[in-house]
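Breakdown of the fold
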Amino acid sequence: MIEPYAHGLLDVGDGHRVYWEECGNPAGQPAVVLHGGPGAGCGPGHRTLFDPDRYRIILLDQRGCGRSTPRAGSDAGLAANHTWALVDDLERLRADRGIERWLVLGGSWGSTLGLAYAQAHPSRVTALVLASIALLRRDEDDWLYGGGAARFFPEAWAAFSAVVSDADGADGADAAGGAAAVFEAYHRLLQDPDPAVRDRAVAAWCAWETATVSLHPDPHAADAFADPDFAATFVRIVVHYFRHGGWLEDGQLLRDSGRLAGIPGVLIAGRGDVQTPVRTAWDLAQAWPDARLVVVEDAGHVSADSGLATELRRATDALAERG
């Protein structure tokens, strides 16, 4: 494994300090990795997506998760945790590390954040490498959390929606309101004074995430949620972001894709990805002429040992050759 040669906590304001680390070649091409979730945190596998001889690799834990402080333990801890704060954090980190421009790599939620950052600061981005593309459009939310993906996983959906039914007395999570109603219901459950209610909501959310990672069974999909503290933090941040629509207008990232003109991009999607179906990557590729779409036929959602990871490494290798 590639080990960091530097790390620290950057004070980004609002009482938050963001964990960062660097590995690879200090004189190499700068690149930053944006993890998914939101709230998943960075891990050793992210370091392996680059040639360490050619890249200066920067990883960070976004606000409220991983080794950043404070952890998202309550609504109070989430008050200053939103998409545009994370975009500002990236700019602070870039300047703090003395980097003029960098390659941005992200998967799932990391692709959303990467696009938001690049559209806000296009002059700071040399290239974008994105996997399992999520634009946080309302129809994408309704697909995964409003009953669409239930067509593939009816038994998992029944368990996921039962939590909402029990909380609201509704007839399942696909009742009127779609994904927005689901997010509000889970938000209320996560604020419940009874820890058993909160724990059940966390477990149900994580089970749905695990089930929908791929059309192909992944025996390790649930491993990430084995730590109850990680699982609770992850779900609390995800629900917080999704119930606010990521602080994005519906379709904003696709609408503003013209701001990416001149930035080379590689968009990587798994044909079997249920969480972020390939159609989203396709839509973005049609709107962004400088992007190239790669579809991995036997892959699902982002995973460190999937075909997506292989394509991510191929993309960073190719971009390193371009300089």
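Looking at an unreviewed UniProt entry, one finds the protein named Proline iminopeptidase, with Jiangella mangrovi as its source organism. If you open the UniProt record of the protein and go to Catalytic activity (unreviewed entry), you find "Release of N-terminal proline from a peptide." On record in UniProt, under Subcellular location (unreviewed entry), the comment for the protein is "Cytoplasm".

With that settled, the discussion passes to helix α11 (residues 307-322). An α-helical turn contains 3.6 residues, so any two residues separated by three or four positions project in the same direction. With 16 residues, α11 should reach 22 Å at 1.5 Å per residue; the first-to-last C-alpha distance of 23 Å fits that figure. Its buried side turned inward, α11 meets β3 (29-34), β4 (55-60), β5 (102-107), β6 (125-131), β7 (265-270) and β8 (291-296).

Judged by pairing direction, the sheet is mixed, and its eight strands sit side by side in the order β1-β2-β4-β3-β5-β6-β7-β8 without closing on themselves. In the strand order of this sheet, the two ends are held by β1 (6-13) and β8, each with one partner. With direction set aside, neighbouring strand axes in the sheet form an average angle of 20°. In terms of strand pairing, β3 meets β4 through five bridges, oriented parallel. If you follow Gln29 over to β4, its bridge partner there is Tyr55. Of the strands in this sheet, β1, β2 (16-24), β3, β4 and β5 are in contact with helix α2 (residues 83-96), which crosses β1 at around 130°. Against the sheet, α11 contacts β3, β4, β5, β6, β7 and β8, and its axis sits at roughly 170° relative to β7.

So, about the packing of aromatic side chains. A complete count under the given rule lists 20 aromatic pairs for this structure. With centroids separated by 5.0 Å and ring planes inclined at 85°, the aromatic side chains of Tyr241 and Trp247 adopt a geometry described as edge-to-face. A relative accessible area of 27% means that Trp247 is categorised as partly exposed. Put simply, the rings of Tyr145, Trp157, Phe160, Phe183, Tyr186, Trp205, Trp208 and Phe242 pair up and form one aromatic cluster.

What follows is about the domain arrangement of the protein. Taken domain by domain, the protein consists of domain 1 (4-135 + 249-321) and domain 2 (140-246). Here the C-alpha centroids of domain 1 and domain 2 sit 24 Å apart. The partner domain 2 presents 24 residues to the 29 residues of domain 1 that form the contact. In total, about 2200 Å² of surface goes out of reach between domain 1 and domain 2, with carbon and sulfur atoms giving 55% of it. Interface area lost by domain 1 to domain 2 is led by Pro38, Val274 and Gln275, which between them contribute 30%. Between the two partners, domain 1 and domain 2, sit one salt bridge. Across the pair Asp229 and Arg71 runs a salt bridge, and its minimum N-O distance is 2.8 Å. Taken together, the connections running from domain 1 to domain 2 amount to 12 residue pairs in polar contact (both at pLDDT 80 or more).

Here we come to the nonpolar core. Core analysis: the largest hydrophobic core is formed by 78 residues, its most contacted members being Trp102, Leu115, Leu128, Tyr145, Tyr186, Trp205 and Trp208. It is helix α8 (residues 228-243) that contributes the most residues to this core, nine residues altogether. In terms of domain composition, this core takes at least three residues from each of domain 1 (4-135 + 249-321) and domain 2 (140-246). Once residues lying within four places of it in the same chain are set aside, the contact partners of Leu128 are Val104, Gly114, Leu115, Ala118, Leu260, Ile263, Pro264, Gly265, Val266 and Trp288.

Okay, the environment of Ala179 next. Looking at the secondary structure, you find Ala179 in helix α6 (residues 178-190). Here Ala179 is in contact with Asp141, Asp142, Tyr145 and Gly146, once residues within four sequence places are set aside.

Reading the values: the criteria
- Residues numbered from 1 in each chain as written.
- Predicted model: local features only at pLDDT ≥ 70, side-chain atom pairs only at ≥ 80, totals over all residues.
- Heavy atoms only, no water.
- UniProt positions renumbered as here; feature names shortened; annotations may be inferred.
- Helix = DSSP H or I, 4+ residues; strand = E, 2+ residues; numbered from the N terminus.
- Expected span 1.5 Å × (residues − 1).
- Contact = heavy atoms within 4.5 Å.
- Pairing = 2+ DSSP bridges.
- Axes fitted to C-alpha atoms, helices over the stretch in contact; angles between N-to-C directions.
- Phe/Tyr/Trp six-rings, centres within 6.5 Å; stacked < 30°, edge-to-face > 60°.
- Buried < 20%, exposed > 50% of the residue type's maximum accessible area, 1.4 Å probe, protein only.
- Domains from an automatic or database assignment.
- Buried area = accessible area lost by both parts, 1.4 Å probe.
- Salt bridge = Lys/Arg side-chain N within 4 Å of Asp/Glu carboxyl O.
- Polar contact = N/O pair within 3.5 Å; in protein donor to acceptor, adjacent residues only side chain to side chain.
- Core = buried A, V, L, I, M, F, W, Y, C linked by side-chain atoms within 4.5 Å.

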